[in-house]
Each structure stands twice: as structure tokens, then as C-alpha cells.
Amino acid sequence: MMAKIVTAMHETPDTAPIVFTGERPSAKIYVVLGLKAMKKWYPGMHASPGQWLRGREGEDVLVTYSPEHILRFGTVTPALMKLKREMWTSLKGVMQRIGYSK
């Protein structure tokens, strides 16, 4: 699913503003994919999917759904489509904030 999202952004895993694995690089904007990532990178902070917050170092942080959460649905339902739209809208907001122009 993340590969499809990155491709839709006209990016690659190396250039997309999303951390997949490893250490968090230095950046002004981060995308947190789900509760596990939120707990790992921002312990003690809380946010709902689609919500922006300010990190401890002043960085902008967008919380969105984990792709694993979305993929658990399996069957395409109106609820699943709503989650996918919300995630995509959030990611487009990230691209606008970083001045994405492709």
C-alpha cells in the first residue's frame, strides 16, 4: 500500500517525506503512520489520524492511519474507502506544506 502511495506522489521510497524503517532523519515535517509509530517516535504525545501537532523539537507532525490497519479490512467497504480518502487527503496536505510541485 505504501508503494502505491509513494508512486501516486511521484516519489520513491528514498525521496518521499515518509520514514519507512530505521532512524528518523532530520526534517521539519514528519508523517506518523499509526499508533505504534506514534508511541515509538513521540512517546507520551497523543493525536488522532489527520491531526497535526508540534513535536518536541518544533517540527510539524502529521498523524495518519497505519497501512497495516487499512489492509486488515480486506473487503472494500464504504468505511474502508473513507479511511483511504482521509489518509490520502492527509498526505496531500504534507506535500503542500513542503512545497511539493510535481
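Residues numbered from 1 in each chain as written. Predicted model: local features only at pLDDT ≥ 70, side-chain atom pairs only at ≥ 80, totals over all residues. Heavy atoms only, no water.

## Focus on the overall build of the protein chain
When helices and strands are counted, the protein chain shows four helices and three strands. Ordered by position from N to C terminus, the α and β elements of the protein chain give α-β-α-β-β-α-α. For the protein chain, buried positions account for 36% of its 102 residues. Expressed as a percentage of contacts within the protein chain between residues at least 6 apart in sequence, the contacts between residues at least 24 apart total 48%. Carbon and sulfur atoms make up 56% of the accessible area of the protein chain, which amounts to about 6700 Å² in all. (Helix = DSSP H or I, 4+ residues; strand = E, 2+ residues; numbered from the N terminus. Buried < 20%, exposed > 50% of the residue type's maximum accessible area, 1.4 Å probe, protein only. Contact = heavy atoms within 4.5 Å. Areas by Shrake-Rupley, 256 points an atom, 1.4 Å probe, with all protein chains shown as cover.)

## With respect to the sheet that holds strand E2 (residues 52–54)
An order of E1-E3-E2 is seen for the three strands of this open sheet, with the pairing classed as mixed. Of all strands in the sheet, those bounded by a partner on one side alone are strand E1 (29–33) and E2. If you compare each strand with its neighbour and ignore which way they point, the axes differ by 30° on average. Two elements, E2 and strand E3 (residues 60–64), share three bridges in a ladder whose sense is antiparallel. When the sheet's bridge partners are listed, Arg 54 is paired in E3 with Asp 60. Helix H4 (residues 78–97) contacts E1, E2 and E3 of the sheet and is inclined by roughly 165° relative to E3. (Pairing = 2+ DSSP bridges. Axes fitted to C-alpha atoms, helices over the stretch in contact; angles between N-to-C directions.)

## Description of the confidence of the model for the protein chain
Interpretation of the predicted coordinates at a detailed level should be avoided for regions scoring low in pLDDT. Averaged over all residues, the pLDDT of the protein chain is 82; the fraction at 70 or higher stands at 88%. Within the protein chain, E2 carries the highest mean pLDDT (93), whereas helix H1 (residues 2–8) carries the lowest (74). (pLDDT = per-residue confidence, 0-100.)

## Topic: the side chain of Ser 90
As for its placement among the helices and strands, Ser 90 is situated in helix H4. For Ser 90, a relative accessible area of 12% gives the class buried. With sequence-adjacent residues up to four places away left out, Ser 90 is seen in contact with Gly 50, Leu 62 and Thr 64.

## Remarks on the nonpolar core
Burial of nonpolar side chains together is a common tendency in soluble globular proteins. Judged by nonpolar contacts, the single largest core of 15 residues is most densely connected at Ile 5, Ile 70, Met 87 and Leu 91. At the level of secondary structure, the elements contributing two or more residues to this core comprise H1, E1 and H4. Formed by nine residues, the second largest nonpolar core is a distinct cluster that contains Met 38, Met 45, Leu 53 and Val 61. (Core = buried A, V, L, I, M, F, W, Y, C linked by side-chain atoms within 4.5 Å.)

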